[in-house]
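Listed here are the chains, written in short residue letters.
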Amino acid sequence: MSKKEKWFLGLLSFALLFTGFAQMPIFKRYYLADIPGFAWTADYYLNHRLHYLLAFILLFYLFYKVVTFFSSFQLKNLTFLGWLKVFLWGGIVFTGMLRVLKNFPQVVFDYKTVMYVDWIHLGLPFLLFIFFILGKVAGISYLRK
Amino acid sequence: MLSRRKFLQGMVAGSALSLLPKGAKAVRDEEELATLLDLSKCIGCGACVEACKETNAHKFPKPQKPFPRMYPSRVKVADWSDKQDVDDRLTPYNWLFIQTAYVTWQGKEYEINIPRRCLHCQNPPCANLCPWGACLKQKNGIVRINSEICLGGSKCKSVCPWHIPERQTGVGLYLKLLPSYAGNGVMYKCDRCYDRLEKGLLPACIEACPEGVQTIGPRKEIIAKAHQLAKEMSGYIYGEKENGGTNTIYVSPVPFEVLNKAIDTGPGRPHLKPVPNSMALEENLGWAVLTAPLAGLAAGALKVVSKLKKGEEKNE
Ligand code: SF4
Ligand code: SF4
Ligand code: SF4
């Protein structure tokens, strides 16, 4: 991955994490929205729409990456951490898409699916974040050198 | 049209799935049902309000006191447990109330009584934007808040164009998590008597009405009936298109702009203004999100092919 690409993915992930967190009623409670210029962080609709938009960019990029990555035979170079990341991203993407699907008026899920999709979509980014930090601290790369 | 007791029985029998806690069932494979409210008939007697309270009393919050201390301290608790009798607005203990408008329209005086509760939107923002999977829409058109897991963050209320759900502090899952730091109780609103519907009974408010104001049935039929009724009384419709479509269709002899100006609105007392579809943008963006993987795959494939071609050219 080039430096530019790393930055792009880093910023995109942060923006997704941020707009994702903004789905919970915490930015107002914890004063972030009180800071001048940050009132938008408590605008649920705005952050929801931004999250969709960012998800569009992420999905396009990830699936583009899947093809180019596969074709360049880099898959066998993935470390355990690399595979873990792939699965976590996969889970986030899958539950996110289910959630988008659910938000169409024609689509109805039963109450348990609704619940677990949300909980998993909320939980996996936490795990991803933890492994990201652990990987950095322990100096493990996701690709074999 | 279903205006008699047990009429729904055939429709729901055998299709229930034992999923919800406390023995409740999620009804599946059902048609989307809507209610029709003929406002020319409502006399404002309040029998429906009373019936709702009585029938749904077992679902009402039983908060533990004292409430956990809230951080930061500016977070306000919502406590209706000592005001359970309030019936002139929506509260966690009152999911239906009557709004009254005294108006003159085309030289005639009217007293219009409007039973108000959740409209059960077709694409409900309260459910779509709930970050915790607690609010959901059922196939039969009911929009419900799962009180077993709701954390009371009140987001559903903020994003609802009518601000319908009402909070009670001191009850629910948040007490078992980080009560002082996240969550603030449970949100309550009309669940269109989902449990009665599952048993083939009518919602309590419909059954109790002495004037037959409300009718429930498949949405298509209800819409057709509403239009016919509106035509007969040269009346007006509210709820068919509001917020992209709801399953509560009001028909009134007086325009709703006029009624809206004559009713008391404010906390717990929803307006009757026109409401555009809150989810319109998401419905379009959603398609883009769902097709993004395909677009990405295609772009990736193009890139790979062009790379291969370049390689071939080099080899030649
Ligand atoms: S019971 Fe019927 S007539 Fe009485 S207030 Fe309710 S809807 Fe109106
Ligand atoms: S009226 Fe409000 S609470 Fe009821 S379904 Fe629509 S958005 Fe949700
Ligand atoms: S449908 Fe049931 S819960 Fe809703 S207002 Fe009527 S009685 Fe109350």
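Residues numbered from 1 in each chain as written. Chains lettered and ligands numbered in written order. Predicted model: local features only at pLDDT ≥ 70, side-chain atom pairs only at ≥ 80, totals over all residues. Heavy atoms only, no water.

### Describing the site of ligand 2
Near ligand 2, the surroundings consist of 14 residues, among which C118, L119, C121, C126 and C160 of chain B are the closest. Of the residues contributing to the shell around ligand 2, the split by class is 12 nonpolar, 1 polar and 1 charged. (Near = heavy atom within 4 Å. Nonpolar A, V, L, I, M, F, W, Y, C, P; charged D, E, K, R; others polar.)

### A closer look at the interface of chain A and chain B
Contact residues are listed per partner, giving 41 residues for chain A and 55 residues for chain B. Summed over both sides, the interface of chain A with chain B buries roughly 4,300 Å², with 68% coming from carbon and sulfur. Broken down residue by residue, the surface that chain A buries against chain B is led by R29, Y45 and Y111 of chain A, which jointly contribute 18%. Here D34 of chain A makes a salt bridge to R74 of chain B, at a shortest N to O gap of 2.7 Å. Viewed at the interface, chain B and chain A are joined by 21 residue pairs in polar contact (both at pLDDT 80 or more). Take the side of chain A that touches chain B: its biggest share by element is 15 residues, from helix α2 (residues 44–71) of chain A. Of the residues contributing to the side of chain A that touches chain B, the split by class is 27 nonpolar, 5 polar and 9 charged. (Contact = heavy atoms within 4.5 Å. Buried area = accessible area lost by both parts, 1.4 Å probe. Salt bridge = Lys/Arg side-chain N within 4 Å of Asp/Glu carboxyl O. Polar contact = N/O pair within 3.5 Å; in protein donor to acceptor, adjacent residues only side chain to side chain. Helix = DSSP H or I, 4+ residues; strand = E, 2+ residues; numbered from the N terminus.)

### Structural notes on unusual backbone geometry
Residues and elements named next belong to chain B. The amide bond that connects K65 to the next residue, P66, takes the cis arrangement and shows omega of 0°. Residue P72 follows Y71 across a cis peptide bond; omega there is -10°. Among the structural elements, P72 can be located in the loop between α2 (47–56) and β4 (97–105). Residue S154 is not a glycine yet carries a positive backbone phi of 70°. Note on placement: S154 falls in the loop between β7 (143–145) and α4 (155–159).

### Section: the pattern of salt bridges
All names here are of chain B. Applying the stated criterion to the full structure yields 13 salt bridges over all chains. Its salt-bridge partner being K65, residue D79 comes within 3.1 Å of it at the nearest N-O pair. On the criterion of sequence distance, the pair formed by D79 in the loop between α2 and β4 and K65 in the loop between α2 and β4 is long-range, its members being 14 residues apart. Looking at D79, the relative accessible area reads 22%, which means it is partly exposed. Note that R269 is salt-bridged to D88, the shortest N-O span being 3.4 Å. (Buried < 20%, exposed > 50% of the residue type's maximum accessible area, 1.4 Å probe, protein only.)

### With respect to the site of ligand 3
All names here are of chain B. By nearness alone, every residue bordering ligand 3 is listed as C52, N56, W95, L96, R117, C190, D191, R192, C193, P203, A204 and C205. If you list the elements that add at least two residues to the shell around ligand 3, you get α2 and α6 (204–208). A per-class count over the shell around ligand 3 returns 8 nonpolar, 1 polar and 3 charged.

### A closer look at the pairing of strand β3 (residues 33–38) of chain B
All names here are of chain B. The buried fraction of β3 is high, at 6 of 6 residues. Burial along β3 is two-sided: L33, T35 and L37 facing one way and A34, L36 and D38 facing the other are all buried. Bridge count for β3 against strand β10 (residues 214–218) is 5 bridges, and the pairing is antiparallel. The residue bridging L36 from the neighbouring strand is T215, located in β10. (Pairing = 2+ DSSP bridges.)

### A closer look at the packing of aromatic side chains
Residues and elements named next belong to chain A. Counting across every chain of the model gives 15 aromatic pairs over all chains. A centroid spacing of 5.2 Å and a plane angle of 70° characterise the contact between F8 and Y61, whose relative ring orientation is edge-to-face. Here Y61 lies in helix α2 and F8 lies in helix α1 (residues 3–21), a separation of 53 residues in the sequence. Residue F8 is classed as partly exposed on the basis of its relative accessible area of 35%. Exposure remark for Y61: the relative accessible area of 9% places this residue in the buried category. Where F14 meets F18, the ring centres are 6.1 Å apart and the plane angle is 35°; that geometry is what we call tilted. Of this pair, F14 and F18 both sit in helix α1, separated by 4 residues, roughly a single helical turn. The rings of F14, F18, F27 and W40 are connected pair by pair, giving a single aromatic cluster. (Phe/Tyr/Trp six-rings, centres within 6.5 Å; stacked < 30°, edge-to-face > 60°.)

### Side note on the domain arrangement of chain A
All names here are of chain A. When the domains of chain A are assigned, the result is domain 1 (1–72) and domain 2 (73–145). Of note, the centres of domain 1 and domain 2, computed from C-alpha atoms alone, are 14 Å apart. With 16 residues of domain 1 at the contact, the number on the domain 2 side is 15 residues. Summed over both partners, the interface of domain 1 with domain 2 buries about 1,300 Å², with 74% contributed by carbon and sulfur atoms. Per-residue buried area on domain 1 facing domain 2 is highest for Y52, F69 and S72; these three make up 36% of the total on that side. Here domain 1 is connected to domain 2 by 0 salt bridges. Sorting the residues of the side of domain 1 that touches domain 2 by element identifies α1 and α2 as the ones contributing at least two each. (Domains from an automatic or database assignment.)

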